[in-house]
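One letter stands for each residue in the lines below.
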Amino acid sequence: MAISLVLADGQPVCLVGLKTLLGEYPDFEIRASCIDGEQALRAVEEHLPDILVADLRLPKLGTLELLRQIQAQGLGVRVVILTASLDEEEFLDLIRLGVAGVMLKDMVPELFIRCLLQVHAGEEWLEQRSTSLALKKLVSREQAQSRLREQLTAREMELALLAAQGLSNREIASRLFISVGTVKGHFYKIYSKLQVKNRVGLSHLAREQGWG
């Protein structure tokens, strides 16, 4: 049986190119082609394709939210992401959301076909440079958090990581069900242990060490 596909790209010319390329291979059957995330979600729900091929930056629903909804509904579709560029944070988000294939759009067409066949066979196809950068970032982040655990108590580390996400004292207090005064007291100790003067210094340290 042919491998069923749903294609999604916000640029119609890219969709035409994909359909033209795939039309040369009888192994593939295109069930739907979509120009945004909302259309893609409806198409996946309706057709339950073997593979969804989607651009990383779909308009409307957005690709990451599309993937979250596919995952939440347990639709079971394998996903291949095509993109012109990719940083390590985006790559990590895609992996967390269960994407099986990631390809840069400047790859030769033959590799794209091999990617689809490999993903359909239950394997993964991940862009090597992004994989390497993402792994380095994960290692660096784990090392930074390991150092934090040596310096801070579990509660202080929790507050420091929330601060690194940009939450205010009031938001942190609400999240942890403690008073704003208690949050300030914790931060006074955190600043002392990490040798920073204030939240600005803490944020700079978080960016520098990649707590995330």
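On a predicted model such as this, the values are computed, not experimentally measured, just so you know. (Residues numbered from 1 in each chain as written. Predicted model: local features only at pLDDT ≥ 70, side-chain atom pairs only at ≥ 80, totals over all residues. Heavy atoms only, no water.)

**Brief notes about the overall build of the chain**
Next up, step 1: Scanning the chain from terminus to terminus reveals 10 helices and five strands.
Next up, step 2: Across the chain, contacts joining residues at least 24 apart in sequence account for 62% of those joining residues at least 6 apart.
Next up, step 3: For the chain, the accessible area works out to roughly 11600 Å², and carbon and sulfur atoms hold 52% of it. (Helix = DSSP H or I, 4+ residues; strand = E, 2+ residues; numbered from the N terminus. Contact = heavy atoms within 4.5 Å. Areas by Shrake-Rupley, 256 points an atom, 1.4 Å probe, with all protein chains shown as cover.)

**Considering the packing of aromatic side chains**
Next up, step 1: On inspection of all chains with the given rule, the structure shows two aromatic pairs.
Next up, step 2: Note on Tyr25 and Phe28: the rings are 6.4 Å apart at their centroids and 70° apart in plane angle, and the pair reads as edge-to-face.
Next up, step 3: According to the relative accessible area criterion, Tyr25 is partly exposed, its value standing at 27%.
Next up, step 4: With a relative accessible area of 9%, Phe28 lands in the buried category.
Next up, step 5: Between Phe187 and Tyr191, the aromatic rings sit 5.9 Å apart at their centres with planes inclined by 20°, giving stacked as the arrangement. (Phe/Tyr/Trp six-rings, centres within 6.5 Å; stacked < 30°, edge-to-face > 60°. Buried < 20%, exposed > 50% of the residue type's maximum accessible area, 1.4 Å probe, protein only.)

**Details of the layout of surface pockets**
Next up, step 1: As a volume, the largest pocket reaches approximately 210 Å³.
Next up, step 2: Lining the largest pocket are 13 residues, with Leu18, Leu21, Leu82, Lys105 and Phe112 sitting closest to its centre.
Next up, step 3: Looking at the lining of the largest pocket, the elements that each hand over two or more residues are α1 (12–22), β5 (101–104) and α5 (109–120).
Next up, step 4: If you tally residues by element for the lining of the largest pocket, the top one is α1, at four residues. (1 Å grid on protein atoms, 1.4 Å probe; cavity = no way out; pocket = protein on both sides within 12 Å on 5 of 7 lines; lining within 4 Å. Points joined across faces, edges and corners; volume = space filled by probe spheres on them.)

**Observations concerning helix α7 (residues 154–164)**
Next up, step 1: Within α7, burial applies to Glu156, Met157, Leu159, Ala160, Leu161, Leu162 and Ala163.
Next up, step 2: Following α7 by one or two positions, Gly166 has its phi on the positive side, about 95°.

**What about the sheet that holds strand β2 (residues 28–34)?**
Next up, step 1: Strand order in the open sheet made by the five strands is β2-β1-β3-β4-β5, with parallel pairing throughout. Both edges of this open sheet fall to β2 and β5, since each of them pairs with a single strand only. Each strand of the sheet is rotated relative to its neighbour by a mean of 20°, with strand direction disregarded.
Next up, step 2: Sheet topology places strand β3 (residues 51–55) next to strand β4 (residues 78–83); five bridges connect them, and they run parallel. Within the sheet, the bridge partner assigned to Ile51 lies in β4 and is Arg78.
Next up, step 3: Strands in contact with helix α2 (residues 37–47) are β1 (3–8), β2 and β3; relative to β2, the strand with the most contacts, it is inclined by about 140°. (Pairing = 2+ DSSP bridges. Axes fitted to C-alpha atoms, helices over the stretch in contact; angles between N-to-C directions.)

**Observations regarding the nonpolar core**
Next up, step 1: Grouped together as the largest cluster of nonpolar side chains are 26 residues, with contacts concentrated most on Leu52, Ile70, Ile81 and Leu94.
Next up, step 2: For this core, the secondary structure elements donating two or more residues are β1, β2, α2, β3, α3 (63–73), β4, α4 (88–96) and β5.
Next up, step 3: Tallying contributions element by element places α2 first for this core, with four residues.
Next up, step 4: When neighbours within four sequence positions are excluded, Leu94 is seen to be in contact with Leu56, Leu64, Leu67, Ile81, Leu86, Val99 and Val102. (Core = buried A, V, L, I, M, F, W, Y, C linked by side-chain atoms within 4.5 Å.)

**Some words on the pattern of salt bridges**
Any two side chains of opposite charge can pair if their charged atoms end up close together.
Next up, step 1: In this structure the tally under the stated criterion is eight salt bridges.
Next up, step 2: Taking the shortest distance from any N to any O, the salt bridge between Arg68 and Glu65 comes out at 3.5 Å. Of the two residues, Arg68 and Glu65 both sit in helix α3, three residues apart, roughly one turn of that helix.
Next up, step 3: Classification of Arg68 as partly exposed rests on a relative accessible area of 41%.
Next up, step 4: On the basis of relative accessible area, Glu65 is assigned to the partly exposed category, the value being 30%.
Next up, step 5: Of the charged contacts, one joins Glu156 and Lys193 as a salt bridge, the two residues approaching to 2.8 Å between their closest N and O atoms. One end of the pair, Glu156, is in helix α7; the other, Lys193, is in helix α9 (residues 180–194), with 37 residues separating them in the sequence. (Salt bridge = Lys/Arg side-chain N within 4 Å of Asp/Glu carboxyl O.)

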